[in-house]
Each structure stands twice: as structure tokens, then as C-alpha cells.
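Chain by chain, the residues:
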Amino acid sequence: MNKKSRVNVKKISVYGMITAAAIVLSWLEAQIPPFFPIPGMKIGLTNIIVVIALYKMGSGSAMAVNVLRILLVSFLFGGPSALIYSLSGGMLSLLVMILLKKTGKFKMISVSIAGGIFHNVGQILIAMLMTDTTSILWYLAVLWFAGAVSGTLIGILGNTLLKHLPDSIFK
Amino acid sequence: MKKGILKRVKYDIFLVGILITVGAAVLLTAVFNGQGGEYVCIKTDGEVSAVYPLTENRRVVINGANGTNLLVIENCQAYISEADCPDKLCVRQGKISMKGQSVICLPHRIVVEITGQEQKDNSDIDVIVK
């Protein structure tokens, strides 16, 4: 009984810590002027946290952290439209990453690349609905490759971080 | 040794290969469909508010949801030269000329889009300025 409650306290602390780290990264990213002049397009630094959560804590925890950080960050720095964009991009991206990871056949960096791409695909699907624009091919093409690039960077960073973060923090 | 590494990442090469191929296919389709842009179509709040020929130079002030944007059409290219939106992303999106390309100003809910010949026959349009 005592042991169980200690584990839960630890779990809560880890969730809190990792969500806080995600919020700090979002704040950091908000300070950088938009690199690409496309609405809703970001480097996606926060995805490092999601990737780490996915690999260190599992699918369910990653989903929980993802939803939490999207809600908190959108309420803190964005508006309702930012929430819809982040939610669609973040959810689609994480779902794709969870599925790819479950196959057990792919390296983390490939999973992250696919996640980066589908983050943008999710956002553009919502942008298509919101702006009523069907000619999204140009955006899709640009964002597809941009997502691949940011996914690669996040995969490399996440891989390095995973090696240096001891499992004892999360377990 | 090298063969071993290749074998270990063969699924990854396959996955990334597919992802790049799909991306390239989307890009090629966009370029292929981009020929024959003839009109500049302005949508505010999802509704077409005006259509101008791409071949005639002009400057238009667009009244959006929360402010205005200055659209410039010159030398068969369209771009937003000034805007009072907070992020100015629409200005930075640059010049467009190919069919299907668009400049989006999310804060003002304005979409400027290049359309082809068929746009002329669309009866939904309020104004076609010749």
C-alpha cells in the first residue's frame, strides 16, 4: 500500500515535470520569430518531449502528456484556433508514431520523421476546413518536407537525450 | 559490417523512402496542376468576395475580419504588400502566380488564391472585375 502510493507520487511528479518542460519549450519557440511564413507552421521543439514520453513512458502516458501540454500551451500562448491546430496536428502525429513504434521495426529517427510530417498534415487538414480552401497541394508539399526536416532534427535530439536520461527517472 | 547496418535499418530506409516519394508526388502534382493560372480570387471568411485577372496590374485594399491587407497584382504575380495583422505572415508569404497557390492571412481570415479559367464560369462569384 505504502509502496503503491509512493510510485503514484513519483508518476505524478514525472508527468508534471515533463509537461512543464514541454511548456518551457513552447514558450522558447514562441520567442523565435516564425521561420517559415506559413500560418501555424513551427519548428515543433515541444515534440521532443512527446517523443521522449513515448519512448520512456509508453503510448498512454505520451498521449496524456501530449493532450495536457497542448491544452496548457494553447491557453497560455495561443487562442482557440491555435488549440484546434495543435490538437489536430499533435494527435495525428502521435497516433502515427505510436502505430509505427508498435510494429517494432523502425528506429526512433524514422518514427520521428513520420511524426513531423503527420503533425503538419493534421494541421493542414484543419486549415483546409477553417479557411475553406481546397487547393492545399502547395502547402501540403512544402509542409510535408518541412515536417520531414523538423522530424529528423527532433529524432536526432531525442535520441541523444534518451541515451543520457536514466530510466530511473521514469520508472 | 556495412551490410549489417544496412540490414538493421532496411525498414527505416523503406519507410523514409515512401515518405519522400509521397512528398515528391504531392509537389509534382502541385507544379503540374499549377499551369494556367488566370485569376486572382479573394476569399474573406470563406466566401469569394472578388476576382481579378492576373494579367492586369492593380492594387486593392481587402477588408478582412479584423483589419485590412493591401493586395498588389503586377507582372502576372500577386502578393500582399502591406497588412495590419499582428504576424505579417501574409506579407512574408511572397508572390504567387501558379494555379492553386494561395496567400493566407489567418488573423483577418483572408485567402488570396490563383485560379484557372474555370473560375470564370462559377456562378457563386459576386464581382468579376475586367
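Look up a bit, the structure's there.
Figured I'd write up the structure that's included with this text. (Residues numbered from 1 in each chain as written. Chains lettered and ligands numbered in written order. Predicted model: local features only at pLDDT ≥ 70, side-chain atom pairs only at ≥ 80, totals over all residues. Heavy atoms only, no water.)

## Some thoughts on the interface of chain B and chain A
Just so we agree on the cut-off: Throughout, a residue-residue contact means that at least one pair of heavy atoms, one from each residue, lies within 4.5 Å. In the analysis that follows, any N or O atom pair within 3.5 Å is treated as a polar contact, provided that within protein one partner can donate a hydrogen and the other can accept it, and provided that, for residues neighboring in sequence, both atoms belong to side chains. Strands here are runs of E lasting at least two residues and helices are runs of H or I lasting at least four, both read from the DSSP assignment and numbered beginning at the N terminus. Any residue that is not Ala, Val, Leu, Ile, Met, Phe, Trp, Tyr, Cys, Pro, Asp, Glu, Lys or Arg is counted as polar, Gly included; the first ten are nonpolar and the last four charged.
Taken together, the contact between chain B and chain A spans 32 residues of the former and 27 residues of the latter. Summed over the shared surface of chain B and chain A, the result is four residue pairs in polar contact (both at pLDDT 80 or more). Contributions of two or more residues to the side of chain B that touches chain A are made by α2 (10-33), α3 (89-92), β6 (102-105) and β7 (110-115) of chain B. Counting residues per element, the side of chain B that touches chain A draws most heavily on α2(B), which supplies 15 residues. Across the side of chain B that touches chain A, the residue classes tally to 18 nonpolar, eight polar and six charged.

## What about the sheet that holds β7(B)?
Residues and elements named next belong to chain B. Our working rule: By the convention used here, strands pair only if DSSP detects at least 2 bridges between them. Lines fitted to C-alpha atoms define the axes here, with helix axes fitted over just the stretch in contact, and angles between the N-to-C directions of these axes take values from 0 to 180 degrees.
With antiparallel pairing, the four strands of this open sheet are ordered in space as β2-β1-β7-β6. The sheet is open, and its two borders are formed by β2 (47-53) and β6, each paired with just one other strand. The average angle at which neighbouring strand axes cross in this sheet is 15°, direction not considered. With four bridges joining them, β6 and β7 adopt antiparallel strand pairing. What sits directly across from Ser102, in β7, is Glu113.

## Remarks on the environment of B:Asp45
Residues and elements named next belong to chain B. Quick note on the threshold: We call a residue buried when its accessible area falls under 20% of the maximum for its residue type, exposed when it is over 50%, and partly exposed in between, using a 1.4 Å probe and counting protein chains only.
Along the chain, Asp45 falls in the loop between β1 (39-44) and β2. Residue Asp45 is classed as partly exposed on the basis of its relative accessible area, which comes to 49%. For the pair formed by Asp45 and Gly64, sequence separation is 19 residues and the distance between their alpha carbons is 7.7 Å.

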